[in-house]
Amino acid sequence: MTGPSVTYEYGSLQVRITLSGSRIVDATGIGLPLGGQSGQRSDDVQARYSGTSGEVVARQSANLSTVSGATYTSTAYKQSLQAALDKA
């Protein structure tokens, strides 16, 4: 299930989640900026939220802690994630 593209200060991103039944088993951000400071923020957000052991899987919701220094990227990720969850 993929959430909508969310436009924010550094570009736009989408979140794709993989479900097993009603449980989130994986999540990843798509289209995050690469390189420079915005790329570093994207890397920080991906590292915290995404993957099979990320915060999305651990919390099973879009109620995530904001990544320090990456407020805009965190907010956009959570918005796309919540929309994907609403569609699931």
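These numbers were taken from a predicted model, which means no experiment stands behind them.

**A look at the packing of helix H1 (residues 36-49) against helix H3 (residues 71-87)**
Moving on, step 1. Close contact between H1 and H3 brings their axes to 9 Å; oriented N to C, the two are set at 45°. By the angle between their axes, H1 is oblique relative to H3. Regarding H1 and H3, the two cross each other, and that crossing is right-handed. For the pair formed by H1 and H3, the contact residues are Arg41, Ser42, Val45, Gln46 and Tyr49 on the first element and Thr73, Ser74, Tyr77 and Lys78 on the second.
Moving on, step 2. Broken down by class, the residue content of the contact of H1 with H3 amounts to 3 nonpolar, 4 polar and 2 charged.

**Focus on the packing of aromatic side chains**
Moving on, step 1. Considering all chains together, one arrives at 3 aromatic pairs under this definition.
Moving on, step 2. An aromatic cluster is built from Tyr8, Tyr10 and Tyr72, whose rings are joined through pairwise contacts.

**Focus: the confidence of the model for the chain**
Moving on, step 1. Residues of the chain with pLDDT of at least 70 account for 100%, and the chain-wide mean is 95.
Moving on, step 2. Confidence, read as mean pLDDT per element, is least for H1 in the chain (92) and greatest for helix H2 (residues 55-59) (98).

**Examining the sheet that holds strand E3 (residues 23-30)**
Moving on, step 1. Strand order in the open sheet formed by 3 strands is E1-E2-E3, with antiparallel pairing between adjacent strands. Taken across any chain shown, the strands that pair with only one partner, and hence form the sheet edges, are strand E1 (6-8) and E3. Ignoring strand direction, the axes of neighbouring strands in this sheet form an average angle of 30°.
Moving on, step 2. Taken together, the 3 bridges between E1 and strand E2 (residues 11-20) define a ladder with antiparallel strand orientation. Opposite Thr7, over in E2, you have Ser12 as the bridge partner.
Moving on, step 3. Along the sheet, H3 contacts E1, E2 and E3; its crossing angle with E2, the most-contacted strand, is approximately 45°.

**Points about the nonpolar core**
Moving on, step 1. Counting 20 residues, the largest nonpolar core has Leu13, Ile17, Tyr49, Val56, Tyr77 and Leu81 as its most contacted members.
Moving on, step 2. For this core, the secondary-structure elements that each account for two or more residues are E1, E2, E3, H1, H2 and H3.
Moving on, step 3. If you tally residues by element for this core, the top one is H3, at 4 residues.
Moving on, step 4. Look past the residues within four positions of Val56 in its chain and what remains in contact with it is Ile24, Ala27, Tyr49, Ser61, Leu64, Tyr77 and Leu81.

Conventions we followed
- Residues numbered from 1 in each chain as written.
- Predicted model: local features only at pLDDT ≥ 70, side-chain atom pairs only at ≥ 80, totals over all residues.
- Heavy atoms only, no water.
- Axes fitted to C-alpha atoms, helices over the stretch in contact; angles between N-to-C directions.
- Helix = DSSP H or I, 4+ residues; strand = E, 2+ residues; numbered from the N terminus.
- Parallel < 35°, antiparallel > 145°, perpendicular 65-115°, else oblique.
- Left-handed = near helix turned anticlockwise from the far one by under 90°.
- Contact = heavy atoms within 4.5 Å.
- Nonpolar A, V, L, I, M, F, W, Y, C, P; charged D, E, K, R; others polar.
- Phe/Tyr/Trp six-rings, centres within 6.5 Å; stacked < 30°, edge-to-face > 60°.
- pLDDT = per-residue confidence, 0-100.
- Pairing = 2+ DSSP bridges.
- Core = buried A, V, L, I, M, F, W, Y, C linked by side-chain atoms within 4.5 Å.
- Buried < 20%, exposed > 50% of the residue type's maximum accessible area, 1.4 Å probe, protein only.

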